[in-house]
Amino acid sequence: MIPAQKALARTEVRVQVNLAVIHVPVQANLQELIVSSKCAQDGGTLAQADSEAVNNYLDTLRGNGDTAWIGLNDLETENTFKWDGSQQPVSFTNWNTNEPNNGAGTGEEDCVEMSATKKWNDYYCASLNFYFCQRSSTIAP
């Protein structure tokens, strides 16, 4: 068990009436998450931080100083970011200064992580990170 796993518990919370988010206290690389559909096993997708409110809420779930994958990538077409679950282009963004930069020209930074400042950074998909899953919820207001 990695030290971060001891400090974090699997948490399910409601961001909106129709959205439940789970912060998974296990590190994984985003390419494996997409291929294996780990979030789909719980009936969901990688989280879509598609509004400031959702982005801020995901930030409250992220461990102090940790980074976490969100479901945004440009694996299909460089610099055309889409949400993994819906394949929709991104409308809300929260990029860190000078991001996305595809590795400052070195290439292959195709997956997006939320940093410790709740800003987004494109990063190497094979890197290990915590991640967020989301699923629809039928909870009434």
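Residues numbered from 1 in each chain as written. Predicted model: local features only at pLDDT ≥ 70, side-chain atom pairs only at ≥ 80, totals over all residues. Heavy atoms only, no water.

**Student:** Which parts of the structure should I look at to understand the overall build of the protein?
**Tutor:** What the protein contains, in helices and strands, is 3 helices and 8 strands. Along the protein, from the amino end to the carboxyl end, the secondary structure elements read α-β-β-α-β-α-β-β-β-β-β. Counting only residues that meet the buried cut, the protein has 44% of its 141 residues in that class. Considering only residue pairs separated by 6 or more positions, the protein has 67% of its internal contacts joining residues 24 or more positions apart. When the accessible area of the protein is evaluated, it comes to approximately 7,300 Å², of which 48% is carbon and sulfur surface. (Helix = DSSP H or I, 4+ residues; strand = E, 2+ residues; numbered from the N terminus. Buried < 20%, exposed > 50% of the residue type's maximum accessible area, 1.4 Å probe, protein only. Contact = heavy atoms within 4.5 Å. Areas by Shrake-Rupley, 256 points an atom, 1.4 Å probe, with all protein chains shown as cover.)

**Student:** It is not clear to me how helix H3 (residues 52-61) should be interpreted in this structure. Could you clarify?
**Tutor:** Three- or four-residue spacings in an α-helix give side chains the same orientation, since the helix completes a turn every 3.6 residues. Within the sequence span of H3, burial applies to Val54, Asn55, Leu58, Asp59 and Leu61. One side of H3 carries all its buried residues, which in axial view fall inside an arc of 155°. The outward face of H3, more than 90 degrees from its buried face, is lined by the exposed residues Glu52, Ala53 and Thr60. (Arc of directions from axis to C-beta.)

**Student:** Whenever I open this one, the state of the cysteines confuses me. Can you help?
**Tutor:** Chemically, a disulfide is nothing more than a covalent bond linking the sulfur atoms of two cysteines. Scanning the model with the defined rule gives 2 disulfides in all. One disulfide in the model links cysteine 111 with cysteine 125; its S-S distance is 1.9 Å. Across the S-S bond of cysteine 111 and cysteine 125 the torsion is about 100°, and the bridge reads as right-handed. Residue cysteine 111 is found in strand E6 (residues 109-114), and its partner cysteine 125 is found in the loop between strand E7 (120-124) and strand E8 (129-136); the two are separated by 14 residues along the sequence. The residues cysteine 111 and cysteine 125 share a single accessibility class, namely buried. Along the protein, the cysteines that take part in disulfide bonds pair up as 1-4, 2-3, counted in sequence order. (Disulfide = S-S within 2.5 Å.)

**Student:** How should I be thinking about the environment of leucine 30 in this particular structure?
**Tutor:** Position of leucine 30 among the secondary structure elements: in helix H2 (residues 30-36). Distance from leucine 30 to glycine 71, taken between C-alpha atoms, is 8.4 Å for residues 41 residues apart in sequence. Setting aside residues no more than four positions away along its own chain, leucine 30 makes contact with Leu46, Trp69, Ile70, Leu72, Cys111, Val112, Cys125 and Ser127.

**Student:** What should I look at first to understand the confidence of the model for the protein in this one?
**Tutor:** Detailed reading of the predicted coordinates is not advisable wherever pLDDT is low. Scored by pLDDT, the protein has a mean of 77; 74% of the residues are at 70 or more. Taken element by element, the protein is modelled with least confidence in helix H1 (residues 3-7), mean pLDDT 33, and with most confidence in E7, mean pLDDT 95. Low confidence marks residues 1-18, where pLDDT is under 50. Its contacts with residues over four positions away, or in another chain, come to 43 contacts. (pLDDT = per-residue confidence, 0-100.)

**Student:** How do you make sense of unusual backbone geometry when you look at a structure like this?
**Tutor:** The bulk of non-glycine residues show a negative phi, and the bulk of peptide bonds are trans. Between glutamate 99 and the following residue, proline 100, the backbone shows a cis peptide bond with an omega angle of -5°. The backbone of glutamine 87 sits at a positive phi, close to 60°, despite the residue not being glycine. Among the structural elements, glutamine 87 can be located in the loop between strand E5 (82-83) and E6. Positive phi, close to 65°, is recorded for lysine 118, a residue that is not glycine.

**Student:** Even after reading the chapter, I still don't get the environment of serine 115, so can you show me in this structure?
**Tutor:** Within the fold, serine 115 resides in the loop between E6 and E7. Taking relative accessible area as the criterion, serine 115 reaches 12% and is therefore assigned buried. Along the primary structure serine 115 and glycine 65 are separated by 50 residues, whereas in three dimensions their C-alpha atoms are 7.8 Å apart. Beyond its immediate stretch of four places on either side in the chain, serine 115 contacts Arg62, Asp66 and Thr67.

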